Amino acid sequence: MIYRCGHAYPVQDGDDRSEHLADLMQNSLGYMCPACCRAEFQLLDLDCQAYANLVQMSSDMSAFVIEVTQVISPLSEVLALNDYQQRAPSIDELHLGGEPLDLPHSVWRKEFWFANNTDPMHVVVLMEHVKQEIDWLAAYMPSGKSAAHFSQFIEPV
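Here the structure is a predicted model, which is why all the values come from computation and not from measurement.

> Would you mind showing me how to read the nonpolar core here?
If you look at soluble globular proteins, the nonpolar side chains tend to sit buried side by side. Ile-66, Val-68, Leu-75, Leu-79, Ile-134, Trp-136 and Leu-137 are the most contacted members of the largest nonpolar core, which totals 28 residues. Mapped by element, the contributors of at least two residues to this core are α1 (16-27), α2 (34-43), β3 (49-56), β4 (61-69), α3 (75-81), β6 (107-115) and α4 (120-138). Top element by residues in this core is α4. It accounts for six residues. Those residues within four positions of Leu-75 in sequence are excluded, and the remaining contacts are Cys-37, Phe-41, Cys-48 and Tyr-140.

Written out as structure tokens, the structure is:
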């Protein structure tokens, strides 16, 4: 168990899945815990959402992409420490969002690239990391796991 702000978060030892979660949690230790962050988002009436999709990056590469909407501090700092970058949202599987020209509508995005000829077992492991990360993110969101969306893109504003 990891304890923060009086809240307990279970971590199991011994597998890659637990190691990935432990890394995410370790990077966020200097910031508000998920329960406290969730309460702050609720006070500000922010509805943070996470979207996980498969996107074609080129003819040879694909990526699992996580995009998180309506993010403010301290979650923005936690995401930055975990390799997320602020960008325009993806449009669909073939059109990845670009630079954040419209900051109020930008998202925090993380990409998990792989070659299209990658061994399927490695892709399955990568999918597990994406699911793990979405579960971790859901702990910060006011709507919890119902704020996690798979194979669904952000509606244009």
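Structure shown, so let's carry the discussion forward.
> I tried to follow the side chain of Thr-69 on my own but got confused; where do I start?
Inspection of the secondary structure puts Thr-69 in strand β4. By relative accessible area, Thr-69 is classed as buried at 11%. Apart from residues lying up to four places away in sequence, Thr-69 is in contact with Asp-47, Cys-48, Gln-49, Tyr-51, Val-107 and Ile-154.

> Just to check I follow, could you spell out the sheet that holds β3 for this structure?
The strands making up a sheet associate through backbone hydrogen bonding, with each pair oriented either parallel or antiparallel. Strand order across the open sheet formed by five strands is β5-β6-β4-β3-β7, with mixed pairing between neighbours. The outermost strands of the open sheet, each flanked by one partner alone, are β5 (85-87) and β7 (148-150). Sheet twist, expressed as the mean angle between neighbouring strand axes with direction ignored, is 30°. When β5 meets β6, the two strands line up antiparallel, connected through three bridges. Residue pairing for β6: Gln-86 is matched across the bridge by Trp-108.

> It is not clear to me how the environment of Ala-80 should be interpreted in this structure. Could you clarify?
By the secondary structure assignment, Ala-80 is in helix α3. The sequence separation of Ala-80 and Trp-108 amounts to 28 residues, and the corresponding C-alpha distance is 8.3 Å.

> I would appreciate a short explanation of the pairing of β3 in the present structure.
Looking down a regular strand, the side chains alternate between one sheet face and the other. Across the eight residues that make up β3, a large majority, six, are buried. Relative to β4, β3 is paired through eight bridges, and the arrangement is antiparallel. Note that in β4 the partner of Val-55 across the bridge is Ala-63. Between the end of β3 and the start of β4, which pair antiparallel, lie four residues.

> Which parts of the structure should I look at to understand unusual backbone geometry?
Keep in mind that most residues, glycine aside, have a negative phi and that most peptide bonds are trans. In this structure, the amide linkage connecting Ser-73 to the following residue, Pro-74, adopts the cis form with an omega of 10°. Considering the arrangement of structural elements, one finds Pro-74 in the loop between β4 and α3. Phi angles above zero are rare outside glycine, and Asp-45 is one such case at about 60°. Tracing the backbone through its elements, the reader meets Asp-45 in the loop between α2 and β3. Even without being a glycine, Ser-151 presents a positive backbone phi close to 55°. Its place among the elements puts Ser-151 in the segment after β7.

Cut-offs used in this document
- Residues numbered from 1 in each chain as written.
- Predicted model: local features only at pLDDT ≥ 70, side-chain atom pairs only at ≥ 80, totals over all residues.
- Heavy atoms only, no water.
- Core = buried A, V, L, I, M, F, W, Y, C linked by side-chain atoms within 4.5 Å.
- Buried < 20%, exposed > 50% of the residue type's maximum accessible area, 1.4 Å probe, protein only.
- Helix = DSSP H or I, 4+ residues; strand = E, 2+ residues; numbered from the N terminus.
- Contact = heavy atoms within 4.5 Å.
- Pairing = 2+ DSSP bridges.
- Axes fitted to C-alpha atoms, helices over the stretch in contact; angles between N-to-C directions.

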